[in-house]
Amino acid sequence: MAKITYIEHNGTEHVVDVPNGLTVMEGARDNNIPGIEADCGGACACSTCHVYVDGAWVEKLPAKEDMEVDMLDFAYQPDEETSRLTCQLKVSDALDGLIVRMPEKQI
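What you are looking at is a predicted structure, and each value in this text was computed from that prediction instead of being measured.

Focus: the overall build of the protein chain
Right, so step 1: Tallying secondary structure elements over the protein chain gives two helices and five strands in all.
Right, so step 2: Taken from the N to the C terminus, the helices and strands of the protein chain come in the order β-β-α-β-α-β-β.
Right, so step 3: With respect to the principal axes defined by its C-alpha atoms, the protein chain has extents near 30 × 25 × 25 Å.
Right, so step 4: Here the protein chain, with 107 residues, has 46% of them falling under the buried criterion.
Right, so step 5: In the protein chain, of all internal contacts separated by at least 6 residues, the share reaching a separation of at least 24 is 66%.
Right, so step 6: Of the roughly 5600 Å² of accessible surface on the protein chain, 47% is carried by carbon and sulfur atoms.

Concerning the sheet that holds strand β1 (residues 2-7)
Two strands in a sheet stick together by hydrogen bonds in their backbones, pointing the same way (parallel) or opposite ways (antiparallel).
Right, so step 1: On the basis of which strands lie adjacent, the open sheet formed by five strands has the order β2-β1-β5-β3-β4 and mixed pairing. At either margin of the open sheet sits one strand with a lone partner, and together these are β2 (13-18) and β4 (83-85). Strand-to-strand twist across the sheet, computed as the mean angle between neighbouring axes with direction ignored, equals 35 degrees.
Right, so step 2: Bridging between β1 and β2 involves six bridges; their strand directions are antiparallel. Counted as the bridge partner of I7 is E13 from β2.

Some thoughts on a negative patch on the surface
Right, so step 1: A cluster of like negative charges, contributed by E59, E65, D66, D70, D73, D79, E80 and E81, occupies part of the molecular surface.
Right, so step 2: If you trace the backbone, D70 turns up in helix α2 (residues 66-72).

What counts and what doesn't
Residues numbered from 1 in each chain as written. Predicted model: local features only at pLDDT ≥ 70, side-chain atom pairs only at ≥ 80, totals over all residues. Heavy atoms only, no water. Helix = DSSP H or I, 4+ residues; strand = E, 2+ residues; numbered from the N terminus. Buried < 20%, exposed > 50% of the residue type's maximum accessible area, 1.4 Å probe, protein only. Contact = heavy atoms within 4.5 Å. Areas by Shrake-Rupley, 256 points an atom, 1.4 Å probe, with all protein chains shown as cover. Pairing = 2+ DSSP bridges. Axes fitted to C-alpha atoms, helices over the stretch in contact; angles between N-to-C directions. Patch = residues over 30% accessible without salt bridge, like charges linked within 9 Å, V, L, I, M, F, W, Y side chains within 5 Å. Salt bridge = Lys/Arg side-chain N within 4 Å of Asp/Glu carboxyl O. Lys, Arg positive; Asp, Glu negative; His and termini not counted. Charge placed at Lys NZ, Arg CZ, Asp CG, Glu CD.

This is the structure in structure tokens:
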């Protein structure tokens with residue numbers, strides 16, 4: 001299980017325990033965290049689970065695969081370094097302490 005901090009665009013923080021094996025997106029969905037819409041249900045077919053990963057975590061996460069890179073082109077104000085799709089981040093003990101910030105809106 002990993003403790004993940006989701007920060008809404010307005011600064012509201014939600015710290016939740018997310019079971020290993022789920023995605024960061026599923027952790028948000030299951031805990032009713034606003035700001036991650038996940039319209040495609042985690043199929044990496046939209047960009048509505050876009051977040052900005054805290055800078056300290058960028059190098060600790062697995063590299064983006066091509067499909068995620070392509071979908072991030074459709075995200076609202078993506079950042080080359082910190083933007084990720086939460087449906088592509090599988091939760092494990094290694095993600096304990098992860099901090100993600102939601103954009104102003106999802107497209």
